[in-house]
Amino acid sequence: MDDFAFTLKDENSGYFSSNRTTGKGDDDVYSFGSTSPCLQSVVGVVTDSLSNSILPEATVKLIDASVKF
């Protein structure tokens, strides 16, 4: 179905929202846990916004938008 709003509580557990037919309502929040760490990979290509040239040595940082710096 439509799983969305995935968030990790720690390395081994977290929550996500879904509209699964087995849920209690339209969209429900589910928790999950694992004995192995939750690891994710991000794959993509970084390009210059003006020339559209590939930037092979670019550094990409993933940040939590809810954390205030």
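**Q** Residue-level account of the pattern of salt bridges, with values.
**A** The full count for this structure, using the stated rule, is 1 salt bridge. In this structure, the salt-bridge partner of arginine 20 is aspartate 3, at a minimum N-O distance of 2.9 Å. Of this pair, arginine 20 sits in the loop between β2 (13–18) and β3 (28–33) while aspartate 3 is found in strand β1 (residues 3–10), placing the two residues 17 residues apart along the sequence. Assessed through its relative accessible area of 39%, aspartate 3 is described here as partly exposed.

**Q** Can you tell me about the packing of aromatic side chains, naming the residues and giving the values?
**A** Following the criterion strictly, the structure yields 3 aromatic pairs and no others. Ring centres 5.7 Å apart and planes at 15° place the aromatic pair phenylalanine 6 and phenylalanine 32 in the stacked group. Taken together, the positions of phenylalanine 6 in strand β1 and phenylalanine 32 in strand β3 put the pair 26 residues apart, joining distant regions of the chain. Judged by its relative accessible area of 23%, phenylalanine 32 falls in the partly exposed class. A centroid spacing of 6.3 Å and a plane angle of 45° characterise the contact between phenylalanine 16 and phenylalanine 32, whose relative ring orientation is tilted. Residue phenylalanine 16 is found in strand β2, and its partner phenylalanine 32 is found in strand β3; the two are separated by 16 residues along the sequence. The class for phenylalanine 16 is buried, based on a relative accessible area of 14%. These aromatic residues form a ring-pair network of at least three members: Phe6, Phe16, Tyr30 and Phe32. For the cation-ring pair, arginine 20 lies above tyrosine 30, with the distance from its terminal atom to the ring centre recorded as 5.6 Å.

Conventions adopted
Residues numbered from 1 in each chain as written. Predicted model: local features only at pLDDT ≥ 70, side-chain atom pairs only at ≥ 80, totals over all residues. Heavy atoms only, no water. Salt bridge = Lys/Arg side-chain N within 4 Å of Asp/Glu carboxyl O. Helix = DSSP H or I, 4+ residues; strand = E, 2+ residues; numbered from the N terminus. Buried < 20%, exposed > 50% of the residue type's maximum accessible area, 1.4 Å probe, protein only. Phe/Tyr/Trp six-rings, centres within 6.5 Å; stacked < 30°, edge-to-face > 60°. Lys NZ or Arg CZ within 6 Å of the ring centre and 35° of its normal.

Remember, this is a structural readout, not a statement about activity or role.
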